[in-house]
Amino acid sequence: MIIDDEILFRRAVEKDVGTLVDLYDQAARWMQKRGIEQWKPGEKDAAHFVKKMREGEVWLAGDPDRRIVGAYELWWSDEEAWGVQPPVAGYVHRLMVDRRTAPAGAGRRMLEHVERRVARSGLARVRLDCVSTNPRLLAYYRNAGYRVVGEFPHKEASDGRVYGVILLEKRLDRLTVV
């Protein structure tokens, strides 16, 4: 377990999949209520999160009372959006916060945790993709130091719908690893 500014980070295990599904569905409902076409409730099930735990890393963020305040997935490749790439980056996916329990700034602190985790692994960049129809989310990532490096207009969702994503990355060469 890693403690970072009153947020405790730990790797998710299989018994956490129900919590992860709930976080995802809660975030998807929040987006839908605000007219953001991105995630759909029920789109990511327990099997998805178990698979991601086996292929990469899934992290939970908790408060000092051990209530879960968020989670994210860390992948070591993302050929679907980025194509075949040399192993220079970690890829963050499904950055989720529980809007009922997360303190202000929790999402940014989770991004910083991703960045330190990737830097500790010896890699130089963190990459992510952001749905192109969500300008607020794009601005959020840009304000966190990520820069636009491309666009992939034909990403396919599990339900077959096609959507565009903006590709962003942050170089970690100046990041101090603690």
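Structure shown above.
As a starting point, this report considers the structure included with it. These figures come from a predicted structure and were not determined experimentally.

The rules we used
Residues numbered from 1 in each chain as written. Predicted model: local features only at pLDDT ≥ 70, side-chain atom pairs only at ≥ 80, totals over all residues. Heavy atoms only, no water. Helix = DSSP H or I, 4+ residues; strand = E, 2+ residues; numbered from the N terminus. Polar contact = N/O pair within 3.5 Å; in protein donor to acceptor, adjacent residues only side chain to side chain. Contact = heavy atoms within 4.5 Å. Patch = residues over 30% accessible without salt bridge, like charges linked within 9 Å, V, L, I, M, F, W, Y side chains within 5 Å. Areas by Shrake-Rupley, 256 points an atom, 1.4 Å probe, with all protein chains shown as cover. Salt bridge = Lys/Arg side-chain N within 4 Å of Asp/Glu carboxyl O. Lys, Arg positive; Asp, Glu negative; His and termini not counted. Charge placed at Lys NZ, Arg CZ, Asp CG, Glu CD. Buried < 20%, exposed > 50% of the residue type's maximum accessible area, 1.4 Å probe, protein only. Phe/Tyr/Trp six-rings, centres within 6.5 Å; stacked < 30°, edge-to-face > 60°. Lys NZ or Arg CZ within 6 Å of the ring centre and 35° of its normal. Core = buried A, V, L, I, M, F, W, Y, C linked by side-chain atoms within 4.5 Å.

## Examining the side chain of D78
Turning to its location among the elements, D78 is positioned in the loop between β4 (68–75) and α3 (79–82). Engagement of the side chain of D78 in a polar contact is seen with the side chain of H93, the distance being 2.9 Å. Setting aside chain neighbours within four positions, we find D78 in contact with G83, Y91, H93 and D129.

## Brief notes about a positive patch on the surface
Side chains of R29, K33, R34, R99 and R136 sit close together on the surface and give a patch of like positive charge. Residue classification places K33 among the exposed residues on the basis of a relative accessible area of 72%.

## Digging into the packing of aromatic side chains
Taken as a whole and judged by the stated rule, the model has four aromatic pairs. The interplanar angle of 20° and the centroid separation of 4.7 Å between the aromatic rings of Y24 and W39 together place this pair among those described as stacked. Taken together, the residues span a long stretch of sequence, with Y24 in helix α1 (residues 17–33) and W39 in the loop between α1 and α2 (46–55) at a distance of 15 residues. Take Y24 and W39: they sit in the same class, and that class is buried. Between the aromatic rings of Y141 and Y146, the centroid separation amounts to 6.2 Å while the plane-to-plane angle is 70°, which identifies the pairing as edge-to-face. Taken together, the aromatic side chains of Y140, Y141 and Y146 make up a single cluster linked through ring pairs. Lying over the aromatic face of W30, R99 brings its terminal NZ or CZ to 3.6 Å of the ring centre.

## Let's talk about the side chain of K44
By the element assignment, K44 lies in the loop between α1 and α2. Buried charge without a partner: K44 forms no salt bridge, and the closest opposite charge is E43, 5.2 Å away. Not counting residues within four places of it along the chain, the set of residues in contact with K44 comprises V21, Y24, F49 and R94.

## A word on the environment of V126
Tracing the sequence through the fold places V126 in strand β6 (residues 125–131). For V126, a relative accessible area of 0% puts it in the buried group. In the structure, V126 is positioned 50 residues away from W76 in sequence and 9.8 Å away in space, judged by C-alpha atoms. Not counting the four nearest positions on each side in its chain, V126 is found in contact with G90, V92, V114, E115, V118, Y146, L168, E169, K170 and L172.

## Description of the nonpolar core
Ranked by size, the top nonpolar core spans 25 residues in total, and within it Y72 and Y146 carry the most contacts. Contributing elements (two or more residues each) for this core: β2 (7–11), β3 (57–62), β4, β5 (89–97), α4 (106–120), β6 and β8 (162–171). For this core, the element with the most residues is α4, which contributes six residues. Discounting chain neighbours no more than four positions away, the residues touching Y146 are L111, E115, V126, L128, Y141, L168, E169 and K170. In terms of nonpolar packing, the next biggest core, distinct from the first, is built from 18 residues, V17, V21, A27 and A71 among them.

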